[in-house]
Amino acid sequence: MSVINVDYSTKIPNNVGLTEDRTVLRALERWHPGYLDWWMSRGPDGYQDALVYLRTAVSVDPKGWAKFDYIKMPQYRWGILLAPQQEGRTIPFGTHKGEPAWQEIPGEYRAMLRRLVVIQGDTEPASVEQQRYLGKTAPSLYDMRNLFQVNVEEGRHLWAMVYILHKYFGRDGREEAEELLQRRSGSADKPRMLGAFNEATPDWLSFFMFTFFTDRDGKMQLESLAQSGFDPLSRTCRFMLTEEAHHMFVGETGVGRILQRTCEAMKEAGVEDVNDIQAQRALGVIDLPTMQKKLNLHYSLSLDLFGSEVSTNAANSFNSGLKGRFQETKIEDDHTLEQSSYPVLKLVDGEIKRVDEPALTAINMRLRDDYTADCQRGIDRWNKVIERTGIPFRLQLPHVAFHRRIGEFASVCASPTGELMDSGNWERAKDSWLPSPADGDFIASLMRPQYEPAKFASWIEAPRVGIDNKPGDFEYVKLAA
Ligand code: BYC
């Protein structure tokens, strides 16, 4: 078996030679029924008998890894797929820089690595739980198919982390893998580990914003873990990134299509005031100010996922060679950062200022900056969509101090433009910056399913091209009778 092609002879498709690794194969086979129970009870509600036009990874060859076919979701072949091993790969950063990449985990780093793998693993099922009910209000079969594609792949990403836990962490790993099926998004007793993954995803605008902003954090974190000196983690994250790209595409094009519909409806009806919410809503579309509010919410929740700006956890993960920076190997510096500094936004005497901090402890800040730049490029593309319609409205990223619960700005109240204010004023202004209950009710009123091929809900444009180049009237989901 080559590392490129996937072995489908075992219950768990893989390219890691599971047939010869009986202990791990058996451990995973024991975990499998619990996973399926979780999928059936916490995965997409309904639609488990529908035939969904999904892509499944059949190889890790970048040129042709996906095969599209109709499949019922519970029969999706969740597999363990690692990118090919790079001959002679060395650790690219930290105190072990230049040493051969590890194929086993050095004893002293086990606990630190386990924490990173468990946090990564925890986010994957969490997002599926958050999106559980969205199929019922899908604006088209095309969108429904994309939702389910994202869901099954997040399920596969959970498998990817569970494989690492079973293979390299023995009994501790098996216990952690079990726990990953026990925690629940939004639960009071056993919540998911990171804040954003306990928030609701109540409607499709939230889903698209989530896949734009939160999956983009996933991209940044996976890129950093793909640099890891622990080679199996690096290889598994590299392959996950190929799937992640589609998730961000779903988010970016989803929001883009909503913006397009709103702006075109405004043009057709002659609505000129971009702040006239009622006039826009009367057209059956989502008004532009509410789009900005949802953006503010999802960006600020996702910023929290980067941890504290100054973090010894992050410094330790970097020093020990476990988690690097975004595209580490493309950065031109010494990759050990012992003497370097990095500008960090901090509160100094009640003002927000940039202060130089040791670059090692500022690793989270740097990744967050790279993330913000990547988000900004996406916002620019959305603004082009608006600009082409001639509507004078532009979306903006709020200030990083706005609406934060983790890090330097968790203790202060700031407006979207970064002015610090007291909590009373902030509370009074909050509904003009973040979606209010009334905004939520309005969006909910639009969330009616559209299940006819080639048709789309009133508030979203059709996509420009189909998935797998299928024509506009393609039936992406065949709903069970
Ligand atoms: N919520 O030193 P600190 C994805 C905790 S998304 C709650 O500041 P550190 C996906 C932290 O655990 C990518 N708690 O932070 C997207 C620590 O607690 P303990 C997921 C938080 O460790 C869409 C304490 O605060 N992957 O893949 O430097 C769909 C102090 O921590 C939060 C990863 O994140 C929070 N937001 O950085 C599906 C990669 N933030 O341990 C999937 C792995 C911090 O003292 N994780 N805390 O009790 C990491 O690299 C790091 O752990 C973090 C935090 C970036 C998360």
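J.: What's the story with the site of the ligand in this structure? I'm lost.
T.: Taken together, 28 residues are adjacent to the ligand, and Q120, S308, S311, K323 and N364 come closest. Measuring from an oxygen atom of the ligand, one finds a side-chain N or O atom of R115 at 3.0 Å. Looking at the shell around the ligand, the elements with two or more residues in it are α2 (110-130), α5 (204-226) and α9 (312-319). In terms of residues, the shell around the ligand owes the most to one element, α2, which gives 7 residues. By residue class, the composition of the shell around the ligand is 9 nonpolar, 12 polar and 7 charged.

J.: Looking at this model, I keep getting lost on the nonpolar core. Mind explaining?
T.: Most often, soluble globular proteins have nonpolar side chains that are buried together. Residues F213 and W382 are the most contacted members of the largest nonpolar core, which totals 124 residues. By residue number, the principal contributor to this core is helix α3 (residues 141-168), which donates 16 residues. When residues no more than four places from it in sequence are discounted, the contact partners of W382 are M209, F212, F213, G251, E252, V255, G256, L259, L295 and L395. Judged by nonpolar contacts, the second largest core, of 13 residues, contains L305, A429, W433 and L434.

J.: Just to check I follow, could you spell out the sheet that holds strand β7 (residues 477-478) for this structure?
T.: In a beta sheet, neighbouring strands are held together by backbone hydrogen bonds and run either parallel or antiparallel to one another. The strand order across the open sheet formed by 3 strands is β2-β1-β7, and the pairing between neighbours is antiparallel. In the strand order of this sheet, the two ends are held by β2 (66-72) and β7, each with one partner. In terms of strand pairing, strand β1 (residues 51-57) meets β7 through 2 bridges, oriented antiparallel. Bridge assignment links L51 to a residue of β7, and that residue is K478.

Definitions and limits used
- Residues numbered from 1 in each chain as written.
- Predicted model: local features only at pLDDT ≥ 70, side-chain atom pairs only at ≥ 80, totals over all residues.
- Heavy atoms only, no water.
- Near = heavy atom within 4 Å.
- Polar contact = N/O pair within 3.5 Å; in protein donor to acceptor, adjacent residues only side chain to side chain.
- Helix = DSSP H or I, 4+ residues; strand = E, 2+ residues; numbered from the N terminus.
- Nonpolar A, V, L, I, M, F, W, Y, C, P; charged D, E, K, R; others polar.
- Core = buried A, V, L, I, M, F, W, Y, C linked by side-chain atoms within 4.5 Å.
- Buried < 20%, exposed > 50% of the residue type's maximum accessible area, 1.4 Å probe, protein only.
- Contact = heavy atoms within 4.5 Å.
- Pairing = 2+ DSSP bridges.

Such coordinate-based values are descriptive only and should not be taken to indicate function.
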